[in-house]
Amino acid sequence: MNRGLLVLGGLVIVIAIAAMGLAGTYNRLVTLDQAVQSQWAQVESVYQRRADLIPNLVSTVKGAANFEKSTYVAVAEARSKVGQLNLGSGVPNDPEAFAKFSAAQDGLSSALSHLLAVVENYPNLKASQNFADLQAQLEGTENRIAVERMRFNKAAQTFNTTRDSFPTVLVAGLFGARFNEKAYFKSQPGSETAPKVNF
Amino acid sequence: MRVLRGLLALLILTVLGTAANAAEVAIPPSPAHWATDTAGFLKPQTVADLDARLRAYQAETGHQILVYVAPTTGTTPTEDWTVRAFARWKVGRKGLDDGLILFVFPTDRKVRIEVGYGFEQTVPDATAARIIRDTITPKIRAGQPDEAVTAGVDEILAAVGGEASGKAGGAPSKVDAPAPVPRATPQWEPYPARDPGETFGEAIGILIGALIAVGIVFLLIKLARWLPDTGGTYVSSHDDGWGIAGMLLGSVVGSVTSGGFSGGGGMSGGGGATGSW
């Protein structure tokens, strides 16, 4: 009888320890996941900031005499593609949605940089105060995007490293898609000198 | 002795080697002053004036605004370097992120205003760009670096508001600094929250580090005492070894107690503007 009690007690202790370990690992994953999600919100907000600048930009260049129509139409189209993205939350957990998001945003990036290159041929437009301000805002926003993307990659990397290490990987597997590996941003075409993350 | 000297030589060579390899200019530790010029770009008097002014400005408003002049960012793009410097120095108060740094890199011919998250509404990119384009770079081109940076700071402080004794004339405007807008989005944490186990490991790491540091100091003391007696020729003075220890200690204590600049935990997200001349 004593022996039965002992075995039972031992079992309870083992289960308790296992549960505690599980809870600790789970909580750690939740914390790291939260860091990724909040950084994702930052990424979305800087991209939104850029999208908000586009209507003003388009109407400004439209006003310039004989401005190449195709360039600003391309920008407006790329922007509407970005606007139509309806990916909901959980994009970092979903490689497919993440790729869509990246592709749409990169499309807008390249349309924008083409437009800014064309503006070089319109010295009057370039010299106007209105355009100079817009350009400063666009440059600032592109820089913010680069910074927040870099920080997102860093947060995602921290999560993935923990998630894929043993024995956490076993726990992460128990929760299915909840703790999927996070996707990364790849360096934008034309910006191969991706900033080195070193915070 | 020979072994020790060999080791020392090796150590020195290693340090020199890494320094020479650094085409990439590492982010220096947080400056001890509000205005810093490591490039000899400004007159010492200008640096001292700006430093006193920005120190007083922080005392008055709580906002941390710095001027930092360094020769170059090396191979690193300006914006990348400055956002990392901002993150390392933690300019502005934690949560408010009400910091701003005016950078000048004379060798690169670049100016950058790096704006903390909390000042993104107060000093929008277009304002920062105008300050650089209309005030700073024209004066630098005209060969007036001191006037350029001082006028730049005038305009930055005017934009942020709240300087007690308006230097650019005008009645002293009492603190009307708009409260910086905290970010609506969640704070980005430079490091994810740690669990206690990690913190414990770190504490042990620090302890070991401290022990090693103490060991090195004692080794230095030993060396300094030893070398002259054993016929070493390159230590001429007969200071007792505590001279070195005192120096080391002094520099550590000095940096903590001098009341210089120290970052408040603020962050920037790449806002601001860059210009060149």
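Conventions and cut-offs
- Per chain, residues are indexed from 1 in the order of the written sequence.
- Starting at A for chains and at 1 for ligands, labels are handed out in the order in which the entities are written.
- pLDDT decides what is reported in this predicted model: residues at 70 or higher carry local features, side-chain atom pairs at 80 or more are listed and counted, and totals for whole chains, interfaces and linings draw on all residues regardless.
- The basis for the side-chain values is all heavy atoms of the structure; hydrogens and waters are excluded.
- Strand pairing follows a simple DSSP-based rule, namely that at least 2 bridges must link the two strands.
- Helix and strand assignments come from DSSP, with helices taken as H or I runs of at least 4 residues and strands as E runs of at least 2, each series counted from the N terminus.
- Lines fitted to C-alpha atoms define the axes, with helix axes restricted to the stretch in contact, and inter-axis angles between N-to-C directions lie between 0 and 180 degrees.
- Pairing of aromatic rings covers Phe, Tyr and Trp, the last through its six-membered ring, and needs centres within 6.5 Å; plane angles under 30 degrees mean stacked, over 60 mean edge-to-face, and all others mean tilted.
- The rule is short: NZ of Lys or CZ of Arg within 6 Å of the ring centre and within 35 degrees of the ring normal puts a charge over the ring.
- Here the term buried applies to any residue with accessible area under 20% of the maximum for its type, exposed to any over 50%, and partly exposed to those in between, with areas from a 1.4 Å probe on protein chains only.

**Some remarks on the sheet that holds strand β5 (residues 268-276) of chain B**
Strand pairing within a sheet occurs via backbone hydrogen bonds; the two strands may be parallel or antiparallel.
Residues and elements named next belong to chain B.
Part 1: Read from one edge of the open sheet, five strands run β1-β2-β3-β4-β5, paired in mixed fashion. One side of each edge strand has no neighbouring strand; the edge strands of this open sheet are β1 (35-37) and β5. The average undirected angle you get between the axes of adjacent strands in this sheet is 15 degrees.
Part 2: Relative to β5, strand β4 (residues 110-116) runs antiparallel, the two sharing seven bridges. Across the sheet, the residue bridging to V111 is G275, located in β5.

**With respect to the packing of aromatic side chains**
Any pair of aromatic rings gets described here by the distance separating the centres and the angle formed by the planes.
All names here are of chain A.
Part 1: Under the counting rule described, the total for this entry stands at 22 aromatic pairs over all chains.
Part 2: Ring plane angle 70 degrees and centroid distance 5.6 Å describe the contact between Y26 and F179, whose orientation is recorded as edge-to-face. Of this pair, Y26 sits in helix α1 (residues 2-63) while F179 is found in the segment after α6 (168-174), placing the two residues 153 residues apart along the sequence.
Part 3: Here a set of aromatic residues connected by ring pairs shows up, and it is made of W40, Y47, F98, F101, F152 and F185.
Part 4: One Lys or Arg, K182, reaches over the ring of F159 and ends 4.5 Å from the middle of that ring.

**Digging into unusual backbone geometry**
Part 1: Looking along the chain, the bond that leaves F166 of chain A and enters P167 of chain A is cis, with omega of 5 degrees.
Part 2: Within the secondary structure, P167 of chain A sits in the loop between α5 (129-163) and α6.
Part 3: One non-glycine residue with positive phi stands out, namely K90 of chain B, at about 55 degrees.
Part 4: Looking at the element boundaries, K90 of chain B is found in the loop between α3 (78-89) and β3 (99-105).
Part 5: On the basis of relative accessibility, which here comes to 35%, the residue K90 of chain B falls in the partly exposed class.
Part 6: Not every positive phi belongs to a glycine, and D97 of chain B is a case in point at roughly 55 degrees.
Part 7: For D97 of chain B, the position within the fold is in the loop between α3 and β3.
Part 8: The class for D97 of chain B is buried, based on a relative accessible area of 1%.

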